Each structure stands twice: as C-alpha cells, then as structure tokens.
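Inside the fold
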Amino acid sequence: MSASRAVRSSVIPDGVLPYSGYLNLLISGPAASGKSRAALEHFQSHANRLLIVPTATMAEHARHALTRSEARTEFPVRPHEIRTLAHCLEEWSPQGPAPTPLLDLLIEQALERLRPDRFAAVAGFPGFRRSLAELFQEAPPAALPVDLASIAEEIEGNLAVRGLGLRHARLKSAAPAVLPANVILDGFFTLSAAETELILAIGARADVTITLPDWPGSQAVRKILLSAGFEEQRLASVVRSARRTGFSASTIEREVEEIARRILKYAVQGRSFREMGIVLRSRDPYAGVVETTLARFGIPARFYFQHPLGSHPALMYFSKVIRALLAGWDHETLLSAIRMPVAGLGATAQGDQLDFAWRDKLPGFGLPLPAGLEQLAALDQWSRERPEPQAWAARLKTLRTLLPAPKVTDSADRDDIQALRSTSAALAAFDEILDGAAAALAGSGRCALAVFWKQVETALALEPLRVPDARRNVVHVMDAYEARQWELPIVFVCGLIERHFPQYHREDPILGDAARQRAGLDTAADRQSEERFLFELATSRATEETILSYPRFDEQGEDTLPSFFIDGGVGLQPASGRPIVPRVQPYVKGRSEDRPYFLSAHKTLSPTGIESFLQCPFQFFASKTLRLRRRPPQPRDRLDLLLQGSILHRALAEWTRAPLLGAAILDEVFEEECSRVRVPEGYRTEAVRLELMRHFRGFLDDTQLALRGWSTRVEENFSYPLNPLVSITGRIDRLDVGPGNQALVIDYKYSAGNKIRERVEDTGGGHLVQGGLYLAAAQRTFGLDPVAMLFCGLKKDVTWDGWHVSIPGLEALGTSSTREFIRDLIDNAESAAVRVHEAITSGDIAVNPRDPLKCRWCDFCDICRVESAALVRVAT
C-alpha cells in the first residue's frame, strides 16, 4: 500500500480462501489508541519475527525506538528484522522494480507509438507521464479503459524483457521462499487488492499481526481480513490525550517564527530538541520557510521529506552547465550556474564582479567565455560528438572535477559536515543515474549529448535525494503521513487553513471516479475523507502538548479561512508581540573622526539625492556614500519604468531641438536606447514602444501650455555653491525664457496626474526640494528671474501642475502665486538642503523611511532591516 494514498479493496481476491491453523490478528482502533505500541510489543515478544512498515524513514524510526527498549526484552533487535514492503518484494518477487526514469521513458515511447487521441494535448508533459506511472503501478491493465490498458500492456511487455515489473504485478508474483514464524505489519492506512492477497497468502504460512486505523478507507480491508479468519483486537479508547493550545500569526513567516521562538523557550526549560516535532499537511508551502527559519534561529532539525535529486546544488550546477552547452553556450544560463556558491566563484567578490560585468552584456551566446572558465570551455567538443551511451556516462561522471575540492578543517561545524555528506551522497547518486540512463538507452546506438542528457534530467527530477542523517537531538519536521508512528511530548501542527489542511480533492482527470472505483482505486471522496483522518492523526502525536496554528493572511494580504477541523474550544489567539532588539541598532550616528570623510565625499548634492535622504537616510547612505550598485537586470527586465522615462526625456529634448521631425524622433531614440542596453526584441518591447508613442504623441498634440515670445532651452546642466561646504548640481529638463529674462522651469515626469499632484503637495510640505532648487539654479547659474515651476506628467493624459506668477498663457496651469511664494519655495528648499548636508556629514544613516510604502521600490530594502527598526520603535 502506498504511503500517501488510500487504495480500495472490497472483495476477497479470487483463488484465496479463508484459512486456519495460524494465529492471525487484526489490531484496530482510532488514532492514538495504542495500535503501534501493541504491534511492537507483539514483535518484541517473539524471536523469529519480521516487522513490515510502509516507508524507509518509518523503518529507521522503528529501529531506533526498539533499540532503545532492547534492555527490557529478551530478544535483541537486528536491522534485517525491520523492513519496508518494497524491500521485502525485492526478495519475494522474481521481477525487479522498474526504475522511475526507465518507466517514464517507456511511457513516453508508448505514447509516441500509440498516440491515443484522448491524451494528444498532454502527452508531452512530464507531470502527465508521472500520473500515468502512478496509475500503472497500482492498477493492472485489465482494470483500465482500452486506451490506458494498451499503454500499460506495452510497458509491462518492455519491462518483462528486462526482468522488471510494475508494483501490482510484483505483488501478485511475490512468493516468499522462507518466512519467519511471526510477521507484523504496522503503519499502513489500508491495503490494495494485490497487497491484501499477499497478506492472506503470508497468513497461510505464518502468524500475521496487522494494524489498521479506524477511518472509512480501511473498512473494506477490515471486512476482508475478518472474513478470512483474522481475529480482531479492538482498541477503542485513546491512550494519550495531550493538552491542546494554539495561536494565529499574521503570515506564514511570522507563524513559523513564533513556532521557533516557542521551541527555544521549551529548550531553555530543559526540553531536548528531539522531544519536539512539527507536523505539516504537505511539504509545500511550509517546508522551505520552516527550514530557513529554524536555521536562522539556530535550531537543529531533520526534515522527513524527499527532495528531487536534481535539487542538490552540485547537480543543479551540472545541469545548468550542460543546458548552456546544448544551447550554444547560452551566457545567461551559464552565468546562473557560475553564481552558485558550489561553483567556487559564487558568493565571492570575484564572482560578483564577473556577474555584474557579464549581465550588462547579456544576451550572449558562444565562445569565448570570460577568463577563468577555461575548464568549462573545454567541454565544447561534447556538443559535436555522438558516442555510445556508456561513453556518455563515463564522460559525464567527470563533471565532478568542476567542483572545487572540499576543505575540511578542525573548525568545521555540524552544518559543514552535513553539507559534505549531502554532496557526497548526491554525486554517488548522480553516477548511478548516469549508469541507469546508459542501460535504458542500451541498444539504441550512438547518440548526441542532448538525447542522453534528456534521460539524465528526467531521472534527476524523479529520483529522490537520500542523505544519511544520524543526528539524534533534532526537531523532527514531517508531513501528516510520516507522523503516523511518532510519539513526541511536544508537537506543533501548523498551516491550519482551508484548502491547505484540509485540502480539497477533485476527480482524477485521467481516470474518473467511476472507473477508479471499478479498478479498486481511491476516488475523490475517499481522498476527501482521508483529510479528517490525517488531521486526527497529526493532532494525536503529542503526549504532553499539541500546539495548533495558522496564518491570518495569505501572501497577497487577503484574509485566510481557519480550518473547519479546529475545535471551537481551542482558542487560537494572535501570538503575543514581544520586544525585538536587533543585533545592529537601526539608527547609527557617525563618529566625529568620520566627519572629514563625509565632507569630502559629499561636496556636491543633487536635488534627487537630497530627496533620497529626506525619504530615508539609510537609502542615501547606501546609494550615494557607499555607492552600492543594483545588480544589473536580466535582458527581459531592462525596459523598466526608469528606462522608459529616460527614452521619453531624450525624445522630448530632441524634438524641442528639431520639431519638424515629429513623432519619428521617438522611434529613433527608442531603438538607440534599447540597442545600447541590449533589450531583446519581442512582444513586450513592441507593446512598450507603442505605449510610449501614444504618450509622446499626446504631448505633441497638447495645447495647454501656450506662451508667446518665449525661447526654449533643454537639458541644461547647472551647479552653484549653496555654502562654502557644498554645491548643488543637476540638470533641468526644459527652461523657457520670456520677456525680462523671466524663467519657467519645466520638469518632465513619466507619471500619471495623481502622482504629479502628490509631488506638488509634498513640495509644499517641505518633503521634496527639486522644484525650489531648480528655481534657485535658474537664478544663480543662468542669471534669470525665476517666476514659474511646472511639473509635466506624461503618462496617460498630459498633466501640468506647479506654481507661477501671473503670466499670460499659464492661467489654466498649476497655481497662480506671488513672487514672495516663489521666493519661499527657493528659501525652504535651500534650507532643507543645508540641514540634509549637516545630517549627512554628521553620519546620520538612520533606517527611518518617511513613507514606508516606498520601501518596496528601494534597492536596499533587503539590507536595511526596516521591519525590525519599525518594531523597535513600536516596542519602545
């Protein structure tokens, strides 16, 4: 029976009759009724015995549990006495198990040859082939519709030639040569028809003890066993009843952090980590968050989940290198490989420099590669050769030489050692994958690397990564299926929201419920009833305390719906807040000896830089003082709003100088700018061009600004001393000069009208200084009389806003003001600039955003700990 899916069995298999002469026992009862304990006691009371469990991790857990209790029994436990059913089948069945990659290949070949119409649209999808593989393992061809049966029969024939078989066939052919006197089966939710037949056959030759939980999916098997002569031992009462508490948190991340905090609290009180566990409904979406959070809190943990072999960093690196090679040395793919720490260059200063320099040149293909990558370039000949599959396996095994030699020092901690073990296990499994791929393609003749690597990548995606982990004092993290045999003092059950726990199941699109029921397979209704059972199982693993939890909001910020399984008597209140003291205080004042450095580094300030400081001192510090550079975007992301705004600004300047060229200027500028930064052609690029053209034409057609006798200057650079310590520098987009040297300053913004209004209001409130400093520059640098400052919004409709004295032609634009108001704008902006310069040179680098909503667009939000800073302010 599969560890994670119920399989129906409603009739005694043909040819197997009820038997007698052996003591066959069925132990049944609800979750936490002591079934496993009774089965293990039965195991310990006999010398000639075999314990069969569903999964390898359960076998390992049972060995540890029984070994700890060996002193209380007269028969020592030997490892071979505890096995999985799959392990037993390797000895009992004349057919070997079909390797998952080989089965995938055979299904792909069968679909290609038979071409069933019903599956034409999805035949090429790996997920569809995996679903077929699961179905064929459990159901014989005779139980399937004609189109599926024909595929299954062809696959079984191809496997038989290799001495292999599907699971249902191997169960049918299983004939143990020698059996111990006592066979105990524990941890199974239910049994398939083939499994039931095997158990009945074993029961005719040995004493069989089997445990089955009380839930709808096991009742059919229970009836079969009882009718076949099994005696039943009912354990109706629950033997452990832990205290049940709970909490809610704002998000998944906060929920897991609260779990980690409570684990540490229990640890401080003397509780060992191994006495605590976390039960998830399924690996996603919690396992990754739990892993990173527990590591951040310094909590050792073991995760009882199977990750694909291809997810190991070393094998991901190999895959990216080969994919880049097969794509003609695609630089983008290769760069993503080089940036991985396992490559040796990743996460180093040299690697970062290579990354920044290389990303600016993307997209790119072919040789030569940058200096230092000669070992990779030497693989280029592989793309042109066609050796035998065995030769490819031998060559690809040499990829491990691309990895830097591991450094083992006396200071290596457990994490370092575990990483080395993980890499060793992954490389050994990779060699087995290569040999398996060569065996699967044996007889097909010479092949290109692309053909061989396709089989390897399929195997990497399907085969699990198994890393030995003998640590004992760890927090155990498992899903609800794995939890079936565990008993721990403290258990956390998280993610209790609708559609996660419980999940809601739909009818199988490949084999509908009616057909599945006829084939003896589980239906959507069966899987749905299993959800309640899994909840009862998960919440009954603790002997002292069960802590339930759920997030109140999802990743979009929408309210979640708590699981209907939660007992109304368990109040899951929001987790209480607590003071947070970050290791580095969010506000740092510079030392007096640093002031000369800040003075020399900031002899000039731009209006944009001043506004950056007014938004957040740390933002200015990171961008202007440290001069941190944002990682260059990928080619598809380069045509961002910043570049779009730059294109419009340049096009408007060019049009002002040569208005007769009209809208054609935008196309010319757009092409030049996209070529300069290597923006790839495509649908999005053309869509952005059309949008910019629409906005550009809108400006050309706009008649709101109507000044007669004024001259226009564009892209005017300026610089003037604010005081002896600092000068203001910048560039004015457009400067119109009228009678009496009156100056109208215009600044283009690729923004909608509401954003222009916000800018005008923020300037009036003293939060922005660009308008005032531009007016000051018109006077101080160009010797003009500043009388107007207008912002022009170019997005959607053309919008004008700002301030001006009474000037003919500007009556409908902005706000009519006095000269005194214009002078106040200048004075206030310059005063703010002086204060900002004093704060900068004093070393003010506070994480103190004026508008926290703008942090999401800040390039430095990941390093400033703005969230921790806000919590500290609230706490204090």
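Preceding this paragraph is the structure being described.
Residues numbered from 1 in each chain as written. Predicted model: local features only at pLDDT ≥ 70, side-chain atom pairs only at ≥ 80, totals over all residues. Heavy atoms only, no water.

A short note on the overall build of the protein chain
As a reminder of what qualifies: Numbering of helices and strands starts at the N terminus; helices are DSSP runs of H or I of at least 4 residues and strands are runs of E of at least 2. Type-normalised accessible area, obtained with a 1.4 Å probe on protein chains alone, sets the label of each residue: buried when under 20%, exposed when over 50%, and partly exposed for intermediate values. In this description, contact between two residues means that some pair of their heavy atoms is separated by no more than 4.5 Å.
From N to C terminus, the protein chain includes 30 helices and 24 strands. Taking the principal axes of the C-alpha coordinates as reference, the protein chain spans close to 120 × 65 × 60 Å. With 876 residues in all, the protein chain has 50% of them scored as buried. The contacts in the protein chain between residues at least 6 apart in sequence include a share of 77% that link residues at least 24 apart.

Thoughts on the packing of helix α12 (residues 313-326) against helix α17 (residues 414-440)
Basically, it comes down to this: Here, axes are lines fitted to C-alpha atoms. For helices the fit covers the stretch in contact, and angles between N-to-C directions go from 0 to 180 degrees. For this classification, under 35 degrees means roughly parallel, over 145 means roughly antiparallel, 65 to 115 means roughly perpendicular, and everything else is oblique. Each residue is assigned to one class: nonpolar for Ala, Val, Leu, Ile, Met, Phe, Trp, Tyr, Cys and Pro, charged for Asp, Glu, Lys and Arg, and polar for all the others, Gly among them.
Axis separation between α12 and α17 bottoms out at 8 Å; the angle between their running directions is 45°. It follows from the interaxial angle that α12 and α17 lie oblique. Residues A314, L315 and F318 of α12 lie in contact with α17, whose contacting residues are T423, A426, L427 and F430. Split into classes, the residues belonging to the contact of α12 with α17 amount to six nonpolar, one polar and no charged.

With respect to α12
Applied cut-off: Multiplying 1.5 Å by the residue count of a helix minus one yields the expected span of that helix.
Taking 1.5 Å per residue, 14 residues should reach 20 Å; α12 reaches 20 Å between its end C-alpha atoms and fits that length. With respect to burial, α12 is a largely interior element, ten of its 14 residues being buried. Buried residues of α12: A314, L315, Y317, F318, S319, K320, V321, I322, A324 and L325, and no others. The inward-facing, buried residues of α12 abut α13 (331-338), α15 (374-377), α16 (389-396), α17 and α18 (449-462). The first or second residue beyond α12 is G328, which carries a positive phi of 80°.

Digging into the pattern of salt bridges
Cut-off, in case you're wondering: A pair is scored as a salt bridge if a Lys or Arg side-chain nitrogen falls within 4 Å of a carboxyl oxygen belonging to Asp or Glu.
As enumerated under the stated definition, the model contains 53 salt bridges in all. E332 is the partner of R636 in a salt bridge, and the nearest nitrogen-oxygen pair spans 3.5 Å. Residue R636 is found in the loop between α23 (617-625) and α24 (641-657), and its partner E332 is found in helix α13; the two are separated by 304 residues along the sequence. Between D801 and R757 there is a salt bridge; the shortest N-O distance is 2.3 Å. One end of the pair, D801, is in strand β23 (residues 799-804); the other, R757, is in helix α27 (residues 753-764), and 44 residues separate them in sequence. One network of salt bridges, in which partners are shared, links D508, R516, D522 and R527.

Brief notes about empty space enclosed by the protein
In this approach the atoms are scanned with a rolling probe the size of a water molecule, which exposes any empty space left behind. Operational definition: Only protein atoms enter the calculation, which uses a 1 Å grid: trapped sets of points that fit a 1.4 Å probe without letting it out are cavities, open sets showing protein on both sides within 12 Å along at least five of seven lines are pockets, and any residue with an atom within 4 Å of a point is a lining residue. Grid points are joined across faces, edges and corners, and a volume is the space filled by probe spheres set on the points.
Under the counting rule described, the total for this entry stands at one cavity of 30 Å³ or more. When its volume is computed, the largest cavity comes out at roughly 40 Å³. In terms of residue class, the lining of the largest cavity is made up of seven nonpolar, one polar and one charged.

Some points on a nonpolar patch on the surface
Under the convention used in this document: Only residues above 30% relative accessible area that lack a salt bridge enter a patch, with like-charged residues linked at up to 9 Å and the nonpolar side chains Val, Leu, Ile, Met, Phe, Trp and Tyr linked at up to 5 Å. For the accessible areas, the method is Shrake-Rupley and the probe is 1.4 Å, while residue cover comes only from the protein chains on display.
There is a patch of nonpolar side chains on the surface, built from Y504, L561 and F564 and spanning about 330 Å² of accessible area. Along the chain, Y504 turns up in the loop between β15 (488-493) and α19 (513-518). Y504 gets classed as partly exposed once you look at its relative accessible area, which sits at 41%.

Some points on the sheet that holds strand β7 (residues 207-213)
Quick note on the threshold: DSSP calls a pair of strands paired once it identifies at least 2 bridges connecting them.
Taken together, the six strands give an open sheet; going across it, the order is β3-β2-β6-β7-β1-β8, and neighbouring strands pair in parallel fashion. The open sheet has two free edges, formed respectively by β3 (82-84) and β8 (231-234), since each of these has just one partner strand. Ignoring which end each strand starts from, the neighbouring axes of this sheet average 20° apart. Of the pairings in the sheet, the one linking strand β2 (residues 49-53) to β3 comprises three bridges and is parallel in character. Within β3, the position partnered with V53 by the bridge is T84. Sheet contacts for helix α9 (residues 219-227): β1 (25-29), β7 and β8; angle to β7, the most-contacted strand, approximately 155°.

Overview of the packing of aromatic side chains
This is how the line gets drawn: Working definition: a ring pair exists when centres of Phe, Tyr or Trp rings (six-membered ring for Trp) sit within 6.5 Å. Plane angles under 30 degrees give stacked, over 60 give edge-to-face, the rest tilted. Charge over a ring is defined by NZ of Lys or CZ of Arg lying within 6 Å of the ring centre and within 35 degrees of the ring normal.
For the structure on display, the rule yields 21 aromatic pairs. With 5.0 Å between their ring centres and 85° between their planes, F189 and F533 make a pair best called edge-to-face. With F189 in the loop between β6 (182-185) and α8 (193-203) and F533 in helix α20 (residues 524-538), the pair connects residues that are 344 residues apart, well separated along the chain. A relative accessible area of 3% means that F189 is categorised as buried. Relative to W800, the ring of F699 has its centre 6.4 Å away and its plane inclined at 35°; by these criteria the two rings are tilted. Within this pair, whereas F699 is found in helix α26 (residues 683-701), its partner W800 is found in strand β23, the two being separated by 101 residues in sequence. Of the two residues, F699 and W800, both sit in the buried class. Site record: aromatic cluster; members linked through ring pairs are F189, W215, Y481 and F533. Here the basic side chain of R484 rests over the ring of F189, its NZ or CZ set 4.1 Å away from the ring centre. Between the NZ or CZ atom of R856 and the centre of the ring of W857, over which it lies, the distance is 5.3 Å.

Thoughts on α8
Judged by how many residues are buried, α8 sits mostly within the fold: nine of eleven residues are covered. Those residues of α8 that sit buried are A194, E195, T196, E197, L198, I199, L200, I202 and G203. In the core, the buried residues of α8 are packed alongside α3 (85-92), α7 (167-173), β6, β7 and α9.

Describing the side chain of Q455
Counted only if it meets this: Side-chain atoms alone can form a polar contact between residues adjacent in sequence; in general such a contact is a pair of N or O atoms within 3.5 Å, and within protein one must be able to donate a hydrogen while the other accepts it.
Residue placement: Q455 occurs in helix α18. Among the polar contacts made by the side chain of Q455, one reaches the main-chain carbonyl oxygen of P101 at a distance of 3.4 Å. The residues touching Q455, leaving out its near neighbours within four places in the chain, are P101, L102, L105, A437, A440 and L441.

Some thoughts on the nonpolar core
Under the convention used in this document: Throughout, nonpolar core names a set of buried Ala, Val, Leu, Ile, Met, Phe, Trp, Tyr and Cys residues whose side chains join them through atoms within 4.5 Å.
If you look at the biggest cluster of nonpolar residues, it comprises 79 residues, and the most contacted ones within it are F136, Y317, L376 and F452. When residues in this core are grouped by element, the largest group, nine residues, is from α17. Those residues in contact with Y317, other than ones at most four positions away along the chain, are A337, I338, M340, V342, A343, L376, L402 and L403. Among the nonpolar cores identified, the runner-up in size contains 74 residues, and V737, L790, W803 and A839 belong to it.

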